[in-house]
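# Results of the structural survey
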Protein chains: 2
Amino acid sequence: MIEGVILTGLDEKYDDKGSVLHMIKSSSRNFCKFGEIYFSEIVFGKFKGWKLHKKQTQNICVPVGRVRFYLYDLRDYSETYKQASIIELSRDINYNLLTIPPGIWYGFQGVNISRSILANLVDIPHDPEESIKLPELNKFIPIAIDYEL
Amino acid sequence: MIEGVILTGLDEKYDDKGSVLHMIKSSSRNFCKFGEIYFSEIVFGKFKGWKLHKKQTQNICVPVGRVRFYLYDLRDYSETYKQASIIELSRDINYNLLTIPPGIWYGFQGVNISRSILANLVDIPHDPEESIKLPELNKFIPIAIDYEL
């Protein structure tokens, strides 16, 4: 795994009227500060990315469907410089919290059902000055996005 | 509307790869403190409730499906003492944030698709001592739950 990226198991409290799915508490090990929470839908096969946050930490889980995350470390001071990770989160099989620290390039793709949904709790409210973007195909990130799902 | 209950419109940023749905920011008017965020699924027709929080404030939106909320005010100091409200939130038609202050009896019911999902950001992490429950049918809350959906 890329240095600083953390996967944390999350609880599901089963109920036949509908389960309760935990995400994050103020007392959780990974929680540092509340800036904002939002949802991002992702259509099957589509890729959103690439993005890099300079200051903001992402705390992501997938309560609906299944999402593949592509991560790439271009921090020249990192022990995992130029390494990649591909991680799938889902409601059913891998209900985990993915913590992505600042400085990691990431993108994500819907890999199940028509629309998956991720929830993202970030420590700083959205600020366009704080992130940078690259197109899906670029010369800096040598990760093949799998379009043959 | 019951005194202290607030509905706040939420933004959807449309994207043909999947929309971004806002929920709450640290700078939002209704935000006071972060305690926890979790999801609750609700099966079509089923009712979860009744519950009353003595200290905790609920901030709820429905990113999947459609959920009907039944609220009842038994605070004898309230201007809306013994009044009820029924509010439906959904992803498509009524994407709002419902803020329920402490002291209100509430329950909710899935009214669309097989499973709807609500997200709830609360200001105090879960504490079973802080809430009280009543069964679906009880002699204190004179609201008819609609099972003929």
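All residue numbers here refer to positions counted from 1 along the written sequence of the relevant chain. Following the order in which they are written, the chains are lettered starting with A and the ligands numbered starting with 1. Where totals are concerned, whole chains, interfaces and linings use all residues; where local detail is concerned, this predicted model gives features only for residues with pLDDT of at least 70, and gives and counts side-chain atom pairs only at 80 or more. Here the side-chain values reflect all heavy atoms present in the structure, with hydrogen atoms and water set aside.

## Examining the relation of the copies chain A and chain B
- Expressed as a screw transformation, the operator carrying chain A onto chain B has a rotation angle of 180° and an axial translation of 0.0 Å, and the superposed copies differ by an RMSD of 0.0 Å. In short, the pair behaves as if placed about a two-fold rotation axis. The C-alpha atom lying nearest the rotation axis in chain A is that of A:Phe34; the distance is 3.2 Å.
- Any pair of residues with heavy atoms lying within 4.5 Å of one another is described as a contacting pair. Both copies share a contact surface, since 97% of the interface residues of chain A are interface residues in chain B too. When the copies are overlaid, the least-squares fit takes in C-alpha atoms only where the residue has pLDDT of at least 70 in both copies.

## Let's talk about the side chain of B:Arg66
- A helix here means a DSSP run of H or I that spans at least four residues, while a strand means a run of E at least two residues long, and both kinds are numbered starting from the N terminus. Along the chain, B:Arg66 falls in strand β7 (residues 66-73).
- Here B:Arg66 is in contact with B:Glu88, B:Leu89, B:Ser90, B:Ile93, B:Gln109, B:Gly110, B:Val111, B:Asn112 and B:Ser116, once residues within four sequence places are set aside.

## Considerations on the sheet that holds strand β11 (residues 115-122) of chain A
- With antiparallel pairing, seven strands are arranged side by side in an open sheet as β1(A)-β9(A)-β6(A)-β11(A)-β4(A)-β3(B)-β2(B). Of all strands in the sheet, those with a lone pairing partner are β1 (6-9) of chain A together with β2 (12-13) of chain B, marking the two edges. Note on pairing: DSSP must find at least two bridges between two strands before they are called paired.

## A closer look at unusual backbone geometry
Residue and element names in this part refer to chain A.
- Of note, the amide linkage connecting Gly49 to Trp50 takes the cis form, showing an omega dihedral of -5°.
- Backbone geometry places Lys82, a non-glycine residue, at a positive phi of 65°.
- By the secondary structure assignment, Lys82 is in the loop between β7 (66-73) and β8 (84-90).
- Only protein chains enter the area calculation, which uses a 1.4 Å probe; residues under 20% of their type maximum are buried, those over 50% are exposed, and those in between are partly exposed. Judged by its relative accessible area of 51%, Lys82 is exposed.

## Things to note about the nonpolar core
- In this text, buried Ala, Val, Leu, Ile, Met, Phe, Trp, Tyr and Cys residues form a nonpolar core when linked through side-chain atoms within 4.5 Å. Core analysis: the biggest nonpolar cluster contains 30 residues, and A:Met23, A:Phe39, B:Met23 and B:Phe39 have the highest contact counts within it.
- Residue assignment for this core shows that the elements contributing at least two residues are β3 (20-25), β4 (36-43), β6 (58-64) and β11 of chain A together with β3 (20-25), β4 (36-43), β6 (58-64) and β11 (115-122) of chain B.
- Dropping the residues within four chain positions of it, B:Phe39 is found in contact with A:Ser19, A:Val20, A:Leu21, A:Met23, A:Phe39, A:Cys61, A:Pro63, A:Tyr95, A:Ala119, B:Ile117, B:Leu118 and B:Ala119.

## With respect to the pairing of β7(A)
Residues and elements named next belong to chain A.
- The element β7 is extensively covered by neighbouring structure, given that eight of its eight residues are classed as buried.
- What you see with β7 is no split at all: Arg66, Arg68, Tyr70 and Tyr72 on one side and Val67, Phe69, Leu71 and Asp73 on the other are buried throughout.
- As paired elements, β7 and β8 share seven bridges and run antiparallel to each other. Directly across from Val67, in β8, lies its bridge partner Leu89.

## Some details on the confidence of the model for chain A
- Per-residue confidence from the predictor is given as pLDDT, running between 0 and 100. For chain A, the mean per-residue pLDDT works out to 95, and 100% of the residues sit at or above 70.
- The complex model carries a pTM of 0.95, and its ipTM stands at 0.94.

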